[in-house]
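Below are the chains, spelled out letter by letter.
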Amino acid sequence: MSAVAAVVGHRLRNTLHTLALLVGMAVLLGGLGYLLGGSVGALWALALTGTLLVLSPRVAPALLLRMYGGRPIGAADAPGLVQAVAVLADRAGLERPPALFLVPSPILNAFTLGTPGQAAVAVTAGLLRGLPSREVVAVLAHEIAHIRNRDIWVMGLADLISRLTALLSNIGVVLVLLNLPLVLLGAAVVSWWAVALLLLAPVAGTLLQLALSRTREFDADAAAVALTGDPQGLIGALAHLEQRQGRWLEQLILPGRRVPDPSLLRTHPPTEERIRRLAALAHAMPPGATPGWDSLHHLGPVALGRPRWRPGGVWY
């Protein structure tokens, strides 16, 4: 199988998985609406979701990032980094490159805010200092893939459905409790299957939302490889992040004995699984082929500013 076919196969599988999870969440929400108000209740629940999604406030990414102490990174601060973002955004087909922000934290992290038309990518000082240029580019490609794939919108929709599911579940439970005396006196009949659905729906909605988040991460990994042609760069970045982001107290007291989080409760897939899938993509590529990588790896210095001591360590 060729590298292109492998990437397309990964994306198709993840897209179908995403659609299945979103449909499952919508069915769950509609089912609760049906329990509370019949067919009209189900339609109102779904219509309310669409209305709130359209009317939800749009906050500029720059404003949110400044709340976290982020500051814009311009060409004067890091010309190579800004150029890499511009090249990756062009390859991703974005109308304009996302704004680049530096968050003064020693934690190795990067995240994305906004929509393809108005997006921002934030990287921490710890990430820029802790990873080599090749891996920083891979992380940037991963975040830009999130922008192209509209993952912020998708996860916002999933979060809205999950919150409405929890709200309808609470309303249903309150109605059951109010009618409990009538049920005990035999003046009313309640379906215990419906009660079980009311109680379990929020948990099921949350698990579907977490599964959706993990699927979008897999898709962003495959899209990042398509942008850089360099799966080894992202493999190295994931390995470094896993190694550096382990809980320091666990490493001090119980080195090598960290208990992994349950897979169902993770927002990101296990690093080992992500690396395994990326290694499969790397295997599908011709030996030594890293198209486009050579034009991105000279990031040069980044002006991080003077370090400041804080309780959590050194911030820049």
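Residues numbered from 1 in each chain as written. Predicted model: local features only at pLDDT ≥ 70, side-chain atom pairs only at ≥ 80, totals over all residues. Heavy atoms only, no water.

> Teacher, can you tell me more about the overall build of the chain here?
A tally of helices and strands in the chain yields eleven helices and six strands. The buried share of the chain, reckoned over its 316 residues, is 41%. Taking the contacts inside the chain whose residues are at least 6 apart along the sequence as the reference set, 75% of them involve residues at least 24 apart. When the accessible surface of the chain is split by element, carbon and sulfur atoms take 67% of a total near 17,200 Å². (Helix = DSSP H or I, 4+ residues; strand = E, 2+ residues; numbered from the N terminus. Buried < 20%, exposed > 50% of the residue type's maximum accessible area, 1.4 Å probe, protein only. Contact = heavy atoms within 4.5 Å. Areas by Shrake-Rupley, 256 points an atom, 1.4 Å probe, with all protein chains shown as cover.)

> I'm lost on the confidence of the model for the chain in this one. Help?
In low-pLDDT segments, the atomic positions of the prediction should not be examined closely. Confidence along the chain averages 80 in pLDDT terms, with 78% of residues attaining 70 or more. Per-element confidence in the chain is highest for helix α5 (residues 133–148), whose mean pLDDT is 93, and lowest for helix α10 (residues 248–253), whose mean pLDDT is 49. Throughout residues 247–251 the model reports pLDDT below 50, and contacts reaching past four residues in sequence, or to other chains, amount to seven contacts. (pLDDT = per-residue confidence, 0-100.)

> When you look at unusual backbone geometry in this model, what are you seeing that I'm missing?
Negative phi characterises most residues that are not glycine, and trans characterises most peptide bonds. Positive phi, normally seen in glycine, also occurs at R150, with a value near 55 degrees. Mapped onto the secondary structure, R150 falls in the loop between α5 and α6 (151–178). We classify R150 as partly exposed; its relative accessible area is 49%.

> What exactly am I supposed to notice about helix α3 (residues 79–92) here?
Given 3.6 residues to a turn, an α-helix orients residues that are three or four positions apart in the same direction. Taking 1.5 Å as the rise per residue, α3 with 14 residues should run 20 Å; its terminal C-alpha atoms sit 20 Å apart, in good agreement. Looking only at α3, the buried set comprises G80, L81, A84, V85, V87, L88, A89 and A92. Summarising the contacts, the buried residues of α3 are in contact with β2 (99–103), α4 (125–130), α5 and α8 (192–228). Once α3 ends, the next one or two residues include G93, with phi positive near 80 degrees. (Expected span 1.5 Å × (residues − 1).)

> It is not clear to me how the packing of α6 against α8 should be interpreted in this structure. Could you clarify?
Contact geometry for α6 and α8: axes closest at 8 Å, N-to-C directions at 170 degrees. Judged by the inter-axis angle, α6 sits roughly antiparallel to α8. (Axes fitted to C-alpha atoms, helices over the stretch in contact; angles between N-to-C directions. Parallel < 35°, antiparallel > 145°, perpendicular 65-115°, else oblique.)

> Is there a simple way to think about the nonpolar core in this case?
Side chains of nonpolar character tend, in soluble globular proteins, to be buried together. In this structure, L81, V123 and L140 are the most contacted members of the largest nonpolar core, which totals 39 residues. Top element by residues in this core is α5. It accounts for eight residues. The contacts of V123, once residues within four sequence positions are left out, are I73, F101, L102, V103, N109, A110, L128 and L140. Listed in part, the 19 residues of the second largest apolar core include L21, L32, I161 and A201. (Core = buried A, V, L, I, M, F, W, Y, C linked by side-chain atoms within 4.5 Å.)

> Can you walk me through the packing of α5 against α8 in this structure?
For any two helices packed against each other, the geometry comes down to the angle between their axes and how far apart the axes lie. With their axes 8 Å apart at the nearest point, α5 and α8 run at an angle of 115 degrees to one another. The way α5 lies across α8 gives a crossing that is right-handed. Each of V137, A138, A141, H142, I144, A145, H146 and R148 in α5 lies in contact with α8, whose residues at this interface are R216, E217, A220, D221, A223, A224, L227 and T228. Its residues placed into classes, the contact of α5 with α8 shows nine nonpolar, three polar and four charged. (Left-handed = near helix turned anticlockwise from the far one by under 90°. Nonpolar A, V, L, I, M, F, W, Y, C, P; charged D, E, K, R; others polar.)

> Just checking my understanding: could you explain the pattern of salt bridges for this structure?
Working definition: two side chains of opposite charge can pair if their charged atoms are close together. Summed over all chains, the structure comprises eight salt bridges. Put simply, D230 and R134 hold a salt bridge, and the shortest N to O gap is 2.6 Å. You can see D230 sitting in the loop between α8 and α9 (231–244) and its partner R134 sitting in helix α5, a full 96 residues away along the chain. The class for D230 is buried, based on a relative accessible area of 2%. Across the pair E217 and R274 runs a salt bridge, and its minimum N-O distance is 3.8 Å. (Salt bridge = Lys/Arg side-chain N within 4 Å of Asp/Glu carboxyl O.)

> I would appreciate a short explanation of α9 in the present structure.
Spanning 14 residues, α9 covers 20 Å between terminal C-alpha atoms, matching the ideal 20 Å at 1.5 Å per step. For α9, the full list of buried residues reads P231, G233, L234, I235, G236, A237 and L238. Buried-residue contacts for α9 involve α5, α8 and α11 (271–284).

> How should I be thinking about the packing of aromatic side chains in this particular structure?
Note on aromatic pairs: each is described by the distance of the centres and the angle between the planes. Taken as a whole, this structure holds zero aromatic pairs when the rule is applied. Above the plane of the ring of F218 lies R277, whose end atom (NZ or CZ) is 3.6 Å from the centre. (Phe/Tyr/Trp six-rings, centres within 6.5 Å; stacked < 30°, edge-to-face > 60°. Lys NZ or Arg CZ within 6 Å of the ring centre and 35° of its normal.)

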